[in-house]
Amino acid sequence: MKVGIIGGSGYVGLVTGAGLARKGHEVVCMDIEAEKIRLLQRGHSPIHEQGLTELIREGLRAERLFFTTELAEAVRDREVVFIAVGTPAAEDGNADLNAVLTAARELAPHLRGYTVVALKSTVPPGSSHLVKQVISRHLGPAGAEFDVVANPEFLREGTAVRDFFYPDRIVLGVSTPKAHRVMLRLYSGFGAPMVVTDPATAELTKYAANAFLALKISFINEMARLCEAVGANIHDLRHGLGTDRRIGLGHLHAGIGFGGPCLHKDLLALMRTAERYGCPSKLLADVLAVNDDQIEFLVQQLQKMIGRPLQGKVVALWGLAFKAGTSDTRNAPSLRIIRRLAGEGVRLAVYDPLVKVLPPEYEALVRHGEDPYQVARGAEALVLVTEWPEFGEVDFFRLREEMARPCVIDGRNLLLPAVMERCGFQYAGWGISGRPTAGCPEAQVLYGSVSA
Ligand SMILES: NC(=O)c1ccc[n+]([C@@H]2O[C@H](COP(=O)([O-])OP(=O)(O)OC[C@H]3O[C@@H](n4cnc5c(N)ncnc54)[C@H](O)[C@@H]3O)[C@@H](O)[C@H]2O)c1
């Protein structure tokens, strides 16, 4: 089929475009970012995602994938046009729909024949209807037939390509049988369950999914605090909890909390939507509050380890990306940590395998290290912020030699406490200080075997 993607050099638009081209469709990715489009035309990806560059090059070679800054090329004669532009949080927390509505307005005059306009961007319920109205008002003089479909995206950065080809489900919010048939044809061959519903339900489903994931993270973080207090172990608790099929193990990792481009802003947008419809959420504000608390918990841990005040102390951060496998730092915990610690007068050294530059306001607050050892040179504490696997593979004896004090706070519970202690570190994670009850040798034996 012939497909156009508006926002086609972004995370969602690019992965969708390159993926659909691999599936045999002819795809034109359009974006207003001319530099990114130039890079893509030469076969270079502007974002880091495993397998994405290969997919782009394959699409270009096969002449099934095209990149342009010309909107008309991504709309004219296309059977499906995706809108995959950003929907950041507006100042009041609502989703800022400006980019979506601009795309709708500008694509309208280029529509010919029958087209499905599919909303991939995460948008509040009612947005598909709004987009339909905007398009209707801006059609060309000859008019055109079109339908708007809500088709929210669930891919995760870091595993976006895999998620595209093997989605857990495809959600379609359709309002006409014709649009339904077109979308079924587009997604035939994915083998994923289809949830076909009305547009408002599809739009709300995306927010509900993100809210629930955030809820799981904040829940396990509360349990981690309790583990610390009662001397229990969060890893074993997670297994005991998450192996229950009704609960599941995913998104039950205790640590410094969630970040990234979506969860926080989608939670806010859902809260504002709920308020607007007279059903304010009691739960979601607490999910965000617990998440914010994690940074305070980190500051307390630091103070416990290296003493107060933190002013003038050198602290190294391992990891800047909001999660492993991506170079995305949008709303990353690292940025919140930098802001918070710099406010305490801490001197920060940072290292990330992929992220070498931060937004300018953060650049002024840090110095970049070249590798995991060099960044820790002279540091009084090291905080593991992103769960990059390479951090689990460093030579910890060498690391200890580099540091002024061997203190590590593991914001992702990635490292093994026993190994860290053996290497001479003072080590703290989230909810892992628990040991079996004193005077219970059986528990000691059991604890060892469970954790092995
Ligand atoms: N990033 C994720 O992991 C993810 C996952 C699921 C859903 N989403 C949702 O998908 C949407 C896009 O997110 P993203 O992370 O891909 O954003 P992004 O910022 O990476 O990409 C958006 C792209 O849209 C382009 N754009 C903006 N206005 C445009 C216009 N008028 N015409 C053409 N291009 C335009 C931008 O230049 C940018 O390249 C958001 O609503 C987001 O919430 C994101």
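1. Quick look at the overall build of the protein chain
A tally of regular secondary structure across the protein chain gives 17 helices and 14 strands. In terms of overall dimensions, the protein chain has a C-alpha envelope of 80 × 45 × 40 Å along the principal axes. Within the protein chain, the fraction of its 452 residues that count as buried is 45%. Contacts spanning at least 24 positions in sequence make up 72% of the contacts within the protein chain whose residues lie at least 6 apart.

2. Some remarks on the confidence of the model for the protein chain
The share of residues in the protein chain with pLDDT of 70 or more is 96%, and the mean pLDDT across the chain is 95. Here residues 436-452 is a poorly scored stretch, pLDDT under 50, and it has six contacts once near neighbours within four places are set aside; other chains count.

3. Observations concerning helix H9 (residues 199-230)
For H9, which comprises 32 residues, the first-to-last C-alpha distance of 47 Å matches the rise-based estimate of 46 Å (1.5 Å per residue) to within 8%. Taken from the residues just after H9, Gly231 is the one with a positive phi, measuring 80°.

4. Observations concerning unusual backbone geometry
With omega at -5°, the peptide bond leading from Arg308 into Pro309 counts as cis. Residue position: Pro309 is located in the loop between helix H12 (283-306) and strand E9 (314-318). Notably, Glu63 is not glycine yet its phi reads approximately 55°, a positive angle. Structurally, the position occupied by Glu63 is in the loop between helix H3 (52-61) and strand E3 (65-68). C-beta crowding within 10 Å serves as the criterion here: with 9 such atoms nearby, Glu63 is assigned to the exposed category. Positive phi outside glycine occurs at Asn331, with the angle close to 50°. One can find Asn331 in the loop between E9 and helix H13 (333-343).

5. Quick notes on the nonpolar core
Ranked by internal contacts, the top residues of the largest apolar core, which has 82 residues, are Ile6 and Ile83. Element by element, the count of residues in this core is highest for H9, at nine residues. Counting residues domain by domain, this core receives three or more from each of domain 1 (2-195) and domain 2 (211-428).

6. Notes on the pairing of strand E10 (residues 347-351)
One ladder, built from five bridges, connects E9 with E10; its direction is parallel. The residue of E10 that forms the bridge with Val314 is Arg347. The sheet contact formed by E10 and strand E11 (residues 366-368) spans three bridges and is parallel. By the bridge assignment, Ala349 is partnered in E11 with Arg367.

7. Details of the domain arrangement of the protein chain
For the protein chain, the domain assignment lists domain 1 (2-195) and domain 2 (211-428). Its C-alpha centre places domain 1 at a distance of 33 Å from the equivalent point of domain 2. Listed by partner, the interface residues are 15 residues for domain 1 and 16 residues for domain 2. Along the lines of polarity and charge, the residues of the side of domain 1 that touches domain 2 split into six nonpolar, seven polar and two charged.

Rules used in this analysis
- In this convention, every chain numbers its residues from 1, walking through the sequence in written order.
- Thresholds applied to this predicted model are a pLDDT of at least 70 for local features of residues and 80 or more for the giving and counting of side-chain atom pairs; totals over whole chains, interfaces and linings are not thresholded and use all residues.
- What counts as a helix is a DSSP run of H or I of at least four residues, what counts as a strand is a run of E of at least two, and both are numbered from the N terminus.
- In this scheme every C-beta is placed from the backbone, and a residue whose C-beta has 20 or more other C-beta atoms within 10 Å is buried, one with 12 or fewer is exposed, and one in between is partly exposed.
- Each residue gets a C-beta atom placed from its backbone, and two residues are in contact if those atoms lie within 7 Å.
- As a per-residue quantity, pLDDT reports the predictor's confidence and falls between 0 and 100.
- Expected span, for any helix, means 1.5 Å times one less than how many residues it has.
- Definition of nonpolar core: a set of buried Ala, Val, Leu, Ile, Met, Phe, Trp, Tyr and Cys residues joined via C-beta atoms within 7 Å.
- Residue ranges assigned to each domain were obtained from an automatic or database domain assignment.
- By this definition, two strands are paired if DSSP reports at least two bridges between them.
- In this classification, the charged set is Asp, Glu, Lys and Arg, the nonpolar set is Ala, Val, Leu, Ile, Met, Phe, Trp, Tyr, Cys and Pro, and all remaining amino acids, among them Gly, are polar.

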